[in-house]
Amino acid sequence: MQFIRRPDLDPHTRIHIVRLAWLHQGVYGKMTQIAKSYQISRTFLYQLLLMANLQLETLFSDEKLLFQKDHRHLDQLLLLLRLEGKCSLLSISSILKALEYHPNSVGYLSQFFQSAGQMLPSTLLMPSKKLVFYLSDEIFALHVPILLTIDARSTTILNIELASDRSAETWRAHFDALEEHQFFSLGMASDRGLGLVAGYQAACDMALWVADYFHEFRDLFEVLHQLERKAYAAIVKEHDAAQKFAQAKSEANLAKRLQQYDTAHHACEQAIALYDQLAMLLHLLREALYLCSPHGRLRTVENVRSELMLLLDMIAELDCAAITKTLKPIYTHIDDIVVPFKQVEAIATALRAVVPHDALEFLVLAWHHAHFVYQAGSKQKAYHQRERDFWLACAEGLLGDAFDTLKALVFDQLDSIVRASSLVEMVNSLIRPYLNSCKGQITQETLNLIMFYHNHRRYKSGKRQGKAPLELLIGKPLEAPWWELLLQQVNTEQGVTDPGTVPSRPPLHLVVNNDGGTDRQAMARGQAIVDPTGTSENHRRQQGSEAA
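Throughout this document, residue positions are counted from 1 along each chain, in the order its sequence is written. Selection of residues for local features in this predicted model requires a pLDDT of at least 70, selection of side-chain atom pairs for listing and counting requires 80 or more, and totals for whole chains, interfaces and linings are taken over all residues. No hydrogens and no water enter the side-chain calculation; it runs on all heavy atoms of the structure.

### Some remarks on the packing of helix α11 (residues 251-288) against helix α12 (residues 301-316)
Right, on to step 1. Here α11 crosses α12 at 170°, and the two axes come no closer than 10 Å. Between α11 and α12, the angle falls in the class roughly antiparallel. Residues Leu278, Leu281, Leu282, Leu284, Leu285 and Ala288 of α11 form the contact with α12, whose participating residues are Val304, Glu307, Leu308, Leu311, Met314 and Ile315.
Right, on to step 2. A per-class count over the contact of α11 with α12 returns eleven nonpolar, no polar and one charged. Fitted lines through C-alpha atoms serve as axes, helices being fitted only where they are in contact, and the angles separating the N-to-C directions of these axes extend from 0 to 180 degrees. Secondary structure is summarised from DSSP: a helix means a run of H or I of at least four residues, a strand means a run of E of at least two, and numbering begins at the N terminus for each. For classification purposes, angles smaller than 35 degrees are called roughly parallel, those larger than 145 roughly antiparallel, those between 65 and 115 roughly perpendicular, and all remaining angles oblique. Any two residues whose heavy atoms approach within 4.5 Å at even a single point are treated as in contact. Under the scheme applied here, ten amino acids are nonpolar (Ala, Val, Leu, Ile, Met, Phe, Trp, Tyr, Cys and Pro), four are charged (Asp, Glu, Lys and Arg), and all others, including Gly, are polar.

### Re the sheet that holds strand β1 (residues 130-141)
Right, on to step 1. Here, strands pair whenever DSSP counts at least two bridges between them. Across the sheet, which stays open at both edges, the five strands sit in the order β3-β2-β1-β4-β5 with mixed pairing between neighbours. Where the open sheet ends on each side, the last strands, each with one partner, are β3 (157-162) and β5 (208-211). The average angle at which neighbouring strand axes cross in this sheet is 25°, direction not considered.
Right, on to step 2. As paired strands, strand β4 (residues 183-190) and β5 are joined by four bridges and run parallel to one another. Counterpart to Ser190 in the pairing with β5 is Ala211.

### Quick look at the nonpolar core
Right, on to step 1. If you look at the biggest cluster of nonpolar residues, it comprises 73 residues, and the most contacted ones within it are Tyr134, Phe175 and Leu486.
Right, on to step 2. Once residues lying within four places of it in the same chain are set aside, the contact partners of Phe175 are Tyr134, Ser136, Thr149, Met188, Leu196, Gly199, Tyr200 and Ala203.
Right, on to step 3. We call a set of buried Ala, Val, Leu, Ile, Met, Phe, Trp, Tyr and Cys residues a nonpolar core when their side-chain atoms join them within 4.5 Å. Exposure classes here rest on a 1.4 Å probe applied to the protein chains alone. A residue is buried below 20% of its type maximum, exposed above 50%, and partly exposed in between. Grouped together as the second largest cluster of nonpolar side chains are 54 residues, Phe217, Ala288, Leu351 and Leu360 included.

### So, the pattern of salt bridges
Right, on to step 1. What makes a salt bridge here is a side-chain nitrogen of Lys or Arg within 4 Å of a carboxyl oxygen of Asp or Glu, nothing more. For the coordinates displayed, the defined rule picks out 13 salt bridges.
Right, on to step 2. Here Glu84 and Lys460 are joined by a salt bridge, their closest N and O atoms 3.0 Å apart. Of this pair, Glu84 sits in helix α5 (residues 74-84) while Lys460 is found in the loop between α20 (444-456) and α21 (469-474), placing the two residues 376 residues apart along the sequence.
Right, on to step 3. One salt bridge in this structure joins Glu307 and Arg299, with 3.2 Å as the shortest N-O distance.
Right, on to step 4. Here Glu307 falls in the partly exposed class, since its relative accessible area comes to 27%.
Right, on to step 5. Sharing partners across several salt bridges, the network here consists of Arg192, Glu216 and Asp336.

### Here we look at the side chain of Ser185
Right, on to step 1. Mapping Ser185 onto the fold places it in strand β4.
Right, on to step 2. N or O atoms closer than or at 3.5 Å make up a polar contact, with two conditions inside protein: a donor-capable atom paired with an acceptor-capable one, and, for residues adjacent in sequence, both atoms drawn from side chains. A distance of 3.0 Å separates a polar side-chain atom of Ser185 from the backbone oxygen of Gly187.
Right, on to step 3. At a separation of 2.7 Å, a polar atom in the side chain of Ser185 contacts the side chain of Tyr200.
Right, on to step 4. Apart from residues no more than four positions distant in its own chain, Ser185 is found in contact with Val132, Tyr134, Tyr200, Cys204 and Ala207.

### Some remarks on helix α17 (residues 378-399)
For the α-helix, the turn length of 3.6 residues means that residues three or four positions removed from each other point alike.
Right, on to step 1. A rise of 1.5 Å per residue sets the reference length of α17, with its 22 residues, at 32 Å; its end C-alpha atoms lie 31 Å apart and thus fit the reference within 8%.
Right, on to step 2. Those residues of α17 that fall on the buried side of the exposure criterion are His384, Trp391, Leu392, Ala395 and Leu399. What you see down the axis of α17 is that its buried residues fit within an arc of 110°, all on one side. Residues of α17 that are exposed and point more than 90 degrees away from the buried face comprise Ser378, Lys379, Arg386 and Gly397.
Right, on to step 3. Where α17 is buried, its residues meet α16 (357-373) and α18 (403-415).
Right, on to step 4. Looking one or two residues beyond α17, the residue adopting positive phi is Gly400, at roughly 65°. A helix is expected to span 1.5 Å multiplied by its residue count minus one. For this quantity, the arc is that covered by the directions from the helix axis to the C-beta atoms.

### A few points about helix α15 (residues 340-352)
Right, on to step 1. The end-to-end C-alpha distance of α15 is 19 Å, a good match for the 18 Å that 13 residues give at a rise of 1.5 Å each.
Right, on to step 2. Within α15 the residues assigned to the buried category are Pro340, Phe341, Val344, Ile347, Ala348 and Leu351. The arc that holds every buried residue of α15, seen down its axis, measures 110°, which confines them to one face.
Right, on to step 3. Buried positions along α15 lie against β5, α10 (213-247), α12, α14 (334-337), α16 and α18.

### Structural notes on the pairing of β1
Right, on to step 1. β1 sits mainly inside the fold: ten of its twelve residues count as buried.
Right, on to step 2. Bridge count for β1 against β4 is six bridges, and the pairing is parallel. Paired with Val132 across the two strands is Ser185, which belongs to β4.
Right, on to step 3. With antiparallel pairing between neighbouring strands as the criterion, β1 and strand β2 (residues 144-151) make up a hairpin whose turn holds two residues, including Leu142 at a positive phi of roughly 55°.

### Details of the packing of α12 against α15
Right, on to step 1. The N-to-C vectors of α12 and α15 enclose an angle of 145°; their axes lie 8 Å apart at closest approach. When α12 is examined against α15, the residues Val301, Glu302 and Val304 are found in contact with a partner set consisting of Phe341, Lys342 and Glu345.
Right, on to step 2. Residues belonging to the contact of α12 with α15 are distributed by class as follows: three nonpolar, no polar and three charged.

### Some thoughts on the pairing of β3
Right, on to step 1. Buried residues dominate β3, accounting for five of its six residues.
Right, on to step 2. Bridge analysis of β2 against β3 gives five bridges, and the strand direction is antiparallel. The partner of Leu147 across the bridge, within β3, is Glu161.
Right, on to step 3. With antiparallel pairing between neighbouring strands as the criterion, β2 and β3 make up a hairpin whose turn holds five residues, including Thr155 at a positive phi of roughly 65°.

Honestly, it's all geometry; don't read function into it.
In structure tokens:
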């Protein structure tokens, strides 16, 4: 029995193993005598000995230690299946049963995730003032609104809550909670939700509000899709009319079918022309909203306004009643649409004071194409990569040793401009699978787990590849995977909670690293600690609900 030589066994255990082995060998030698004494067959006794031997080997084998290790990491497995795998509780229970893990009941799993979620905050807390640009939206779980706000640069979820309604007062309490947690808004991009916009303007009356371009022009592009479908239908009708004309035999039938074909051909030409004209104008409209011109000059508010009005007037001239109806709200929203270009003008003025004009235009063009590298298809991606590298080489030839510093400055300033809230839709798409797996019966505790997972998991692709949202927010890498950080926080909070009480959700603190006087936030080992002087998250939420 080689396992008695294992170095991890203490001397007392070794003695017991030797005694068992000696007794085991003695029983084999006296098998016949023992069988007669106890009136049992030698075969049955031999089977008993085999079972005893198997139990000893299983007890002290590497497989047993592996099982013990897996059992100790059951919590990690549950978190990975639920958050990374997006599995439902029923699916997790089935997986655990197949792997022979215990406990594996749905009730136990529900209690485990609820207890873990109770230890986590629904609003991130910074140790000092942090300026961010909000992206806010609403998502629904069985008609119950979930209010969500993320940081535009890092995509970190700042606040996520299951609300009773989405009124202006509820949204105002949502933004007031962010300010209490040391977040101060530079602005917000969102759709035109009445409660959302009114609540933000009430809470942050001096901050900037940016209308989301996708929602502003979505109806206009939907008209384009309708015209495309009509054009294809007209092509089919023209083709059918041509086939009928070819099959006609008599002179009268030929004349009739020819007239039908001429009508179908004329309608097809009109449908295709209308679609092509609108598609071309919308393409120009999209280009008019780029931050820079084809020559690399950053656009101004008046320049963009004049181009938009001209294109909208041309679109209005198209012979389509649906277009005329769709354009009416866009005309009234022009002032909101050009708001981001006020920031562009301010950035352009600041950059021209530091970067030579020619080099600035080259860097702007390089940023413009780099911006599209992660959005374009495979063919267009190669084109944008070549253009980016070309303009960077031109700028480097002009700037020399100052190239790296000035490139970082220009790219960082242009990245700070927010024109859409599409990133919050990306976070919404992360939440929806969990809503589907629980059939909409989601709890605040589950939302807290989703928030922690999203903030601490690292992106697998895109320009943020290898970085977690919280790392981008605080400027310091996390020192452990998200599941280890989550277990650390849950165990820490359980350790400071009195037994027999339901813990409140404390806010998440980040440790500050003010090297060189900068305002960079850092988290020590990615852990959260309890604020002994602060009120609980549950108490704050109750106050917010009463105010709403």
